[in-house]
Amino acid sequence: MQERKKIIIANWKMNPQTLSEAERWLIQFSHDCRTIDLKKIDLVIAPPFVYLEALKSRLPKSVGLGAQNISWLERGALTGEISGAMLKNLGCEYVIIGHSERRWQLGETDEMINLKLKTALSLHIKPILAVGEKSKGDDPRAILQKQITSAFKDLNALSAKEIIVAYEPVWAIGTGVADTPDDALSASLIIRKIMSNIYSSDWAFDLSIIYGGSVSEKNVSDFVNQEGIDGALIGSASLDASGFSRLVKQIL
Ligand code: PGA
């Protein structure tokens, strides 16, 4: 059986503050990565919208470009939002949808997330759907059941398969305290079980599920080298280009 490529997604969030810093990141990353075969992984950089164009023209060809959000409306009057078509025209191939910072700080609802997934899929932009429980010690089962069933509402099995699910316990994001690889793996199994109840068990194991929350160059291989975890969503550890290249090297 052909081994699946691992997926590494860098979520820069609201960083860096200037285009020249983003350009410096690119130069450093391209330099540090020259000895590694980036084609062996699916590597995606998701910068703020304002840097998408600059990154598209300068990222190594095998690296994908992702957005951090997409409007649930295809077009129209929606101040401050960015449409899927705009992202597509800038060369975005991926989009993060339902990140906990948007759910909890900006009031993004399950209904909006479902519509955003449909919009992205209709334009062939690959969605990365973030899900996860809020507090440490919460049983993730109930919240995953709710977030996943509403996110996948009215999506057929073929479309659903296109979605990368990122299990990100909110308490682990940006805290320096990651989940344990064992618990992340059991959350991935819970997600696969929910998916097989909605669709069929035939393909639930083909679904790509990645882990996010305080992943670093020190712990990334413990998460990603498990069968059942297909990659990682990296926030803070993606901001330093050299550190991020060392992180990528850990899994190659
Ligand atoms: P973190 O962020 O790696 O800084 O914890 C992950 C995320 O929010 O996607």
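Residues numbered from 1 in each chain as written. Predicted model: local features only at pLDDT ≥ 70, side-chain atom pairs only at ≥ 80, totals over all residues. Heavy atoms only, no water.

Enquirer: Teacher, can you tell me more about the pattern of salt bridges here?
Expert: Pairing between side chains becomes possible if they bear opposite charge and their charged atoms approach one another. Scanning the entire structure with this criterion turns up 15 salt bridges. One salt bridge in this structure joins Asp 139 and Arg 141, with 3.5 Å as the shortest N-O distance. Within this structure, Arg 4, Arg 192 and Asp 230 form a network of salt bridges that share partners. (Salt bridge = Lys/Arg side-chain N within 4 Å of Asp/Glu carboxyl O.)

Enquirer: I tried to follow the site of the ligand on my own but got confused; where do I start?
Expert: Not every one of the 13 residues close to the ligand is listed here, only the nearest: Lys 13, His 99, Gly 174, Ser 214 and Ser 236. His 99 places a polar side-chain atom, nitrogen or oxygen, 2.6 Å from an oxygen atom of the ligand. Interatomic distance of 2.8 Å between a backbone N/O atom of Gly 235 and an oxygen atom of the ligand. In isolation the ligand has 290 Å² of accessible area, and contact with the protein removes 99% of it. Split by residue class, the shell around the ligand holds 4 nonpolar, 7 polar and 2 charged. (Near = heavy atom within 4 Å. Polar contact = N/O pair within 3.5 Å; in protein donor to acceptor, adjacent residues only side chain to side chain. Areas by Shrake-Rupley, 256 points an atom, 1.4 Å probe, with all protein chains shown as cover. Nonpolar A, V, L, I, M, F, W, Y, C, P; charged D, E, K, R; others polar.)

Enquirer: What's the story with the sheet that holds strand β2 (residues 41-46) in this structure? I'm lost.
Expert: By definition, the strands of a sheet pair up through backbone hydrogen bonds, in either a parallel or an antiparallel sense. If you walk around this closed barrel you meet the 8 strands as β1-β2-β3-β4-β5-β6-β7-β8, and the pairing is parallel. On average, each strand axis in the sheet is tilted by 25° relative to the strand beside it, whichever way the strands run. With 6 bridges joining them, strand β1 (residues 6-11) and β2 adopt parallel strand pairing. Its bridge partner lying in β2, Ala 10 is registered against Ile 45. (Pairing = 2+ DSSP bridges. Helix = DSSP H or I, 4+ residues; strand = E, 2+ residues; numbered from the N terminus. Axes fitted to C-alpha atoms, helices over the stretch in contact; angles between N-to-C directions.)

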